[in-house]
Amino acid sequence: MKIIVRISHDEDTKYASLICKKIQESAKIRGTGISKKNPEYIKLKMIHGNSVIAFYDGKIAGFSYLDIFQDKEFVVNSGLIVFPEFRKKGLAKIIKIELFKLSKKKFPNSKIFSITTSQPVIKINTELGFKPVAFSELTQSEEFWKGCKSCANFDILIRNKKKMCLCTGLLYNPYDEDENKNKYNNVLTHGDKIVLAYSGGLDTSYCLKYLLQKGYEVHTVIINTGGFKKKELKNIKQRALNIGANTHKTIDSLEEYYQNCIKYLIFGNILKNNTYPLSVSSERIFQAIKIAQYATIIKAKAIAHGSTGAGNDQIRFDIAFQIICPEKITISPIRDLKISRKEEIEYLQNSGISINNAKYSINKGLWGTSIGGTETLISSHKFPDEAYPTKLIKKKSENLELEFKKGELFSVNGEKGKAIQNIIKIEKIASKFAIGRGIHIGDTILGIKGRVAFEASAAIIIIKAHHLLEKHILTKWQLYWKEKLSNWYGMLLHEAQYLDPVMRNIEIFLSSTQERLTGTVQIILYPYRFHLVGIKSDFDLMESNMAKYGEMNYAWTAEDVKGFTKILSNQMKIYHNLNKKKS
């Protein structure tokens, strides 16, 4: 399917007689409308570029024209016709918008009006900024109203002294610019540029094909926050271009994702519901921010994503887009049209696009992998081992040593490296033991419960090792308040609140607690599990000359303790003594 809607020219005059015939036939069926137009009149509109013409797969499919009255004070958009065989394909809206744009361009200071009985046309005009008005606010040119003589309802117009008829008058006033601009900017038209967040999977492939068939200029983009191999990214690009994307862009955001998010998830030892390391949910906001920035750079009018209407990701994308680029339209075809997975598959197959109809939905990133399937939709179903992407390879235990410097991962088994590379290295080692698997049951932003399987060997091991080191180095109250704020940080990140300034405040606090967080942690890896052996650090608060827990103290006497406990128990003693008197 190929739709072309353009300004007419002299070569289109060969269609004038056919257009007049179709306008007359349509008016006769409706029982209203300006039914008779002279082909010579239509030809003049075409020659002077005062009309738009539509083609569908090379065949003429529609037409509309403009005329001017009262020394260019008014411009009328009139004569809209879509040939019967091409109706219900969105052509009327495209034609109306293109004629409206033409009218504004040629006559920027003129009021634009239309009269119609068609409710769909009224709706389109209203979206463009037209307002229903009395006929008295339209042109008073006799030349215009003379054109109504051929309408079957002309007698009604005359009886009402041209004040009203069956038609609705609609007026666009360019001097109401602020309001009209907002309405016009919220309307997509044929050929508009759209950026689509594209992963190459079923949902985004459906969105790409759907938007292309609507006649938009679609530019796909994928944000790499880890989990992709070069070959996979290359295949995703090729798939997008094969479907028809105008361009495809891969943006590497791995370092930014680590520095602005993962680092704080480690500092905070954050596990959602004490289980899930926010593996994929933490990525979405960064992907959304980069997509919004890219859409601004290439001057796209809209941003599209493939989220459904029942998940968290739609909220994360929408919020980021509204904050970063509020002037852009956000569309999500699957959510907006309520398309089922089965319908997506059938649509793509009918369009000649092969799809990988995998049993499980897998989202892999630097901080872990989430897996969804039929088993995760029901509370009682066991998630099968074969559904996890990585398999158990090693069965013999193995030692692992992690070194942290100021809270960040500095080395793995004595080999120094950047934090991101260390995370990848741990994942390669630990995933062979099938470590880090789990099922997360949590509350979605929309208020429903969700169940998802995940595997995140590196994330789980790093968080637990980091937490053990903190237990030795931080004070009791540092640990207490850090846990409180860390829980809030994880909750707010999960619930699409990353751009709230309180998150930067919490990050400052978390960073300040890591100044002395330096040392090594010894771990033993086993199939499906791991054991934290112990730590070594110059800042270990257990290494004290004051006392050894459960053994001997050197900084206080027995009498000191007796006095301390006497004072510490004062309030409780007062409370219980008063209760005895009352009883």
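Everything that follows concerns the structure shown earlier in this document.
So, how was this worked out
- The residue count restarts for each chain, going from 1 along the sequence in the order it is written.
- Local features in a predicted model are, by the rule used here, given only for residues with pLDDT of at least 70; side-chain atom pairs are given and counted only at 80 or more, and totals for whole chains, interfaces and linings are based on all residues.
- Computation of side-chain values: all heavy atoms of the structure, hydrogens and water removed.
- With axes taken as lines fitted to C-alpha atoms, and helix axes fitted only over the stretch in contact, angles between N-to-C directions fall between 0 and 180 degrees.
- In this description a helix means any DSSP run of H or I spanning at least four residues, a strand means any run of E spanning at least two, and both kinds are numbered starting from the N terminus.
- Each angle is binned into one of four classes, with values under 35 degrees roughly parallel, values over 145 roughly antiparallel, values of 65 to 115 roughly perpendicular, and all other values oblique.
- Here a crossing is taken to be left-handed if its near helix is turned anticlockwise relative to the far helix by less than a right angle, and right-handed if that turn runs clockwise.
- Every residue pair with non-hydrogen atoms within 4.5 Å of one another is taken to be in contact.
- Classes in brief: Ala, Val, Leu, Ile, Met, Phe, Trp, Tyr, Cys and Pro nonpolar; Asp, Glu, Lys and Arg charged; the others, Gly included, polar.
- Following DSSP output, two strands are said to pair if at least two bridges run between them.
- To define a nonpolar core, start from buried Ala, Val, Leu, Ile, Met, Phe, Trp, Tyr and Cys residues and group those joined through side-chain atoms within 4.5 Å.
- Think of it in three bands: residues with accessible area under 20% of the maximum for their type are buried, residues over 50% are exposed, and the middle band is partly exposed, with areas taken using a 1.4 Å probe on protein chains only.
- Without a salt bridge and with relative accessible area above 30%, a residue can belong to a patch; like charges are then joined within 9 Å and nonpolar side chains (Val, Leu, Ile, Met, Phe, Trp, Tyr) within 5 Å.
- Computed with the Shrake-Rupley method and a 1.4 Å probe, the accessible areas treat only the protein chains shown as cover for residues.
- A carboxyl oxygen of Asp or Glu within 4 Å of a side-chain nitrogen of Lys or Arg is what we treat as a salt bridge.
- We score Asp and Glu as negative and Lys and Arg as positive, and we do not count His or the chain ends.
- Charged groups are reduced to one reference atom each: NZ for lysine, CZ for arginine, CG for aspartic acid, CD for glutamic acid.
- Disulfides are defined in this document as cysteine sulfur pairs within 2.5 Å.
- Pairing of aromatic side chains here covers Phe, Tyr and the six-membered ring of Trp, requires ring centres within 6.5 Å, and sorts the geometry by plane angle: under 30 degrees stacked, over 60 edge-to-face, intermediate tilted.
- Only lysine NZ and arginine CZ atoms are considered, and such an atom sits over a ring when it is within 6 Å of the ring centre and within 35 degrees of the ring normal.

Colleague: How do you make sense of the packing of helix α10 (residues 254-267) against helix α11 (residues 281-297) when you look at a structure like this?
Modeller: What describes two packed helices is the angle between their axes and the distance between those same axes. Interhelical geometry of α10 versus α11 gives an angle of 155 degrees and a closest axis separation of 10 Å. Judged by the inter-axis angle, α10 sits roughly antiparallel to α11. The hand of the α10/α11 crossing is right-handed. For the pair α10 and α11, contact is made by E256, Y257, N260, C261 and L265 and by S282, E283, F286 and K290, respectively. Here the contact of α10 with α11 is composed, by residue class, of four nonpolar, two polar and three charged.

Colleague: What is the right way to read the sheet that holds strand β5 (residues 111-116) from this model?
Modeller: Picture the strands of a sheet paired through backbone hydrogen bonds; they go either parallel or antiparallel. Strand order in this open sheet of seven strands is β1-β2-β3-β4-β5-β7-β6, and the pairing throughout is mixed. For this open sheet the edge positions go to β1 (3-7) and β6 (131-133), each flanked by a neighbour on one side alone. When strand polarity is set aside, the average angle formed by the axes of neighbouring strands in this sheet is 25 degrees. Pairing of β5 with strand β7 (residues 168-172), which is carried by five bridges, proceeds in the antiparallel orientation.

Colleague: For this particular structure, what's the right way to read the nonpolar core?
Modeller: Across soluble globular proteins, nonpolar side chains show a tendency to be buried alongside one another. Among the nonpolar cores identified, the biggest contains 74 residues, and I291, W367, L402 and I462 are the most heavily contacted of them. The element that contributes the greatest number of residues to this core is helix α16 (residues 457-473), accounting for 10 residues. Setting aside residues no more than four positions away along its own chain, W367 makes contact with Y257, I262, L265, I266, P277, L278, S279, I423, A456, A459, I462 and I463. By size, the runner-up hydrophobic cluster in this structure holds 40 residues, among which are Y15, I23, V52 and A54.

Colleague: Just to check I follow, could you spell out a positive patch on the surface for this structure?
Modeller: On the surface, K229, K364, K428 and K432 cluster together to form a positively charged patch. Take K229: it is sitting in the loop between β9 (217-224) and α9 (230-243). Using a relative accessible area of 60% as the deciding quantity, one classes K229 as exposed.

Colleague: Help me understand the state of the cysteines, please; the structure alone is not making it clear to me.
Modeller: Working definition of a disulfide: a covalent bond connecting the sulfur atoms of two cysteines. Applying the stated criterion across every chain, the model contains zero disulfides. Cysteine C325 is unpaired, with the sulfur of C207 as its nearest cysteine sulfur at 17 Å. Classification of C325 by relative accessible area gives buried; the value is 1%.

Colleague: Would you mind going over the sheet that holds strand β21 (residues 529-536) with me for this structure?
Modeller: Taken together, the five strands give an open sheet; going across it, the order is β17-β16-β15-β20-β21, and neighbouring strands pair in antiparallel fashion. Two strands lie at the open edges of the sheet, namely β17 (415-416) and β21, each paired on one side alone. Note: strand β15 (residues 398-405) against strand β16 (residues 408-412), four bridges, orientation antiparallel. When the sheet's bridge partners are listed, F404 is paired in β16 with L409. Where helix α15 (residues 419-430) meets the sheet, it contacts β15, β16, β17 and β20 (519-526), and its direction lies at approximately 55 degrees from that of β16.

Colleague: In this structure, what is going on with the packing of aromatic side chains? I would like to understand it.
Modeller: A ring pair, where both rings are aromatic, is described by two values, the distance of the centres and the angle of the planes. According to the stated counting rule, one finds 24 aromatic pairs in the structure shown. Pairing F144 with W145 gives two aromatic rings, centres 4.9 Å apart and planes at 80 degrees, and the pair type is edge-to-face. Per residue, the accessibility class of F144 equals that of W145, and both read buried. Each ring, one from Y264 and one from Y489, has its centre 6.3 Å from the other, and the planes form 50 degrees; the classification is tilted. Within this pair, whereas Y264 is found in helix α10, its partner Y489 is found in helix α17 (residues 476-494), the two being separated by 225 residues in sequence. Ring pairs connect the aromatic residues F69, F74, F113, F135, F144 and W145, which therefore count as one cluster. In this structure, R504 is placed above the aromatic ring of Y498, and the distance from its NZ or CZ to the ring centre is 4.3 Å.

Any functional reading would require information beyond the geometric quantities listed.
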